[in-house]
Amino acid sequence: MNRRIAALLLVVFAFSALFAEEDREIELQLRNQALLLLASAKHECGELSKKNKALADSMEGIRRQAVEHKNTSVNLFSDAVYLLGYLQERLRDVCADIVFASPESVDELIAAEKKDLIKKRRESANFAEFIDKIYGSGYSKLLYITTAVSNLKKMHNEWAESMSSESRDIKRMLVNIGEANKHLREQLLEFTKGYKLFYEAKEPVRK
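(A) Representation of the packing of aromatic side chains within the structure. Overall, the coordinates contain three aromatic pairs when judged by the stated rule. Relative to F130, the ring of F127 lies with its centre 5.6 Å away and its plane at 50 degrees, an arrangement referred to as tilted. In this pair, F127 and F130 are both assigned in helix α4 (residues 127–133), three residues apart and thus about one turn of the helix distant. A ring pair is formed by F191 and Y195, whose centres lie 6.2 Å apart and whose planes are at 15 degrees; its orientation type is stacked. Residue F191 and its partner Y195 are both found in helix α6 (residues 170–199); the two are separated by four residues, about one turn of the helix. Overall, F191 belongs to the buried group, its relative accessible area being 7%. In this arrangement the basic side chain of R90 is found over the ring face of Y86, its NZ or CZ atom lying 4.5 Å from the centre. Its end group placed over the ring of F130, R121 keeps NZ or CZ at 5.7 Å from the ring centre.

Here it is as structure tokens:
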């Protein structure tokens, strides 16, 4: 009987050690994922802020010229200036929170939610399913705010590319700007709605 108990304890210990090792691996993966996204977001914050401001300033210059010459496209340019300014404000909101996040704050967040995060990761077949299971957690909010910068960058790039395409054909370029404005407005409304509902419901990760 003693041998059986000893053998059983060894099996239990072996499984416990195995799970502990898996837990450490999961925790490391979560940390690396967050730090990678955080580093990328901080870089994009500085780069995108400068690019978008320069683009908005350029459109403001064009708008003023249109006003001076009483061009019929004034409203189109005014709309573009407003939307790019709105994008700049959203970027400022997002990056203001990102700048406070650090490797130390990420470690604190994961430590506070580690048990639940590891449990949900074990239960998930893939990372997408895992994200769905941890909706509303501090870790999911951290991933959201870091990827939000990439979403804003995509909006900026799409508008800029659409505006600059067929620039030799003024009429076609104006049509492109109108279409780009409409698309950007829809994207910004959707982004703002998601940001308020998902992220602002809880204090961001801060050091």
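(B) View of the state of the cysteines. Under the defined criterion, the tally for this structure stands at one disulfide. A sulfur-sulfur distance of 2.0 Å marks the disulfide that ties C45 to C95. A torsion of -95 degrees about the S-S bond marks the disulfide between C45 and C95 as left-handed. Residue C45 is found in helix α1 (residues 2–68), and its partner C95 is found in helix α2 (residues 74–98); the two are separated by 50 residues along the sequence. Residue class for C45 comes out buried when judged on its relative accessible area of 10%.

(C) Layout of the pattern of salt bridges. The tally for this structure, following the rule as stated, stands at 16 salt bridges. Close ionic contact of R122 with D23 constitutes a salt bridge, the shortest N to O distance being 2.6 Å. You can see R122 sitting in helix α3 (residues 103–123) and its partner D23 sitting in helix α1, a full 99 residues away along the chain. Among the residues examined, R122 registers a relative accessible area of 33% and is labelled partly exposed. The closest approach of N and O atoms between K153 and E47, which form a salt bridge, is 3.8 Å. Placement of the pair is K153 in helix α5 (residues 138–164) and E47 in helix α1, with a sequence separation of 106 residues.

(D) Region of the structure containing the side chain of N52. The topology assignment puts N52 in helix α1. Judged by relative accessible area, which is 0%, N52 ranks as buried. Side chain to side chain, N52 and Q88 meet in a polar contact 2.7 Å long. Those residues in contact with N52 that lie beyond four places of it in its chain are L84, L87, Q88 and H156.

What counts, and at which threshold
Residues numbered from 1 in each chain as written. Predicted model: local features only at pLDDT ≥ 70, side-chain atom pairs only at ≥ 80, totals over all residues. Heavy atoms only, no water. Phe/Tyr/Trp six-rings, centres within 6.5 Å; stacked < 30°, edge-to-face > 60°. Helix = DSSP H or I, 4+ residues; strand = E, 2+ residues; numbered from the N terminus. Buried < 20%, exposed > 50% of the residue type's maximum accessible area, 1.4 Å probe, protein only. Lys NZ or Arg CZ within 6 Å of the ring centre and 35° of its normal. Disulfide = S-S within 2.5 Å. Salt bridge = Lys/Arg side-chain N within 4 Å of Asp/Glu carboxyl O. Polar contact = N/O pair within 3.5 Å; in protein donor to acceptor, adjacent residues only side chain to side chain. Contact = heavy atoms within 4.5 Å.

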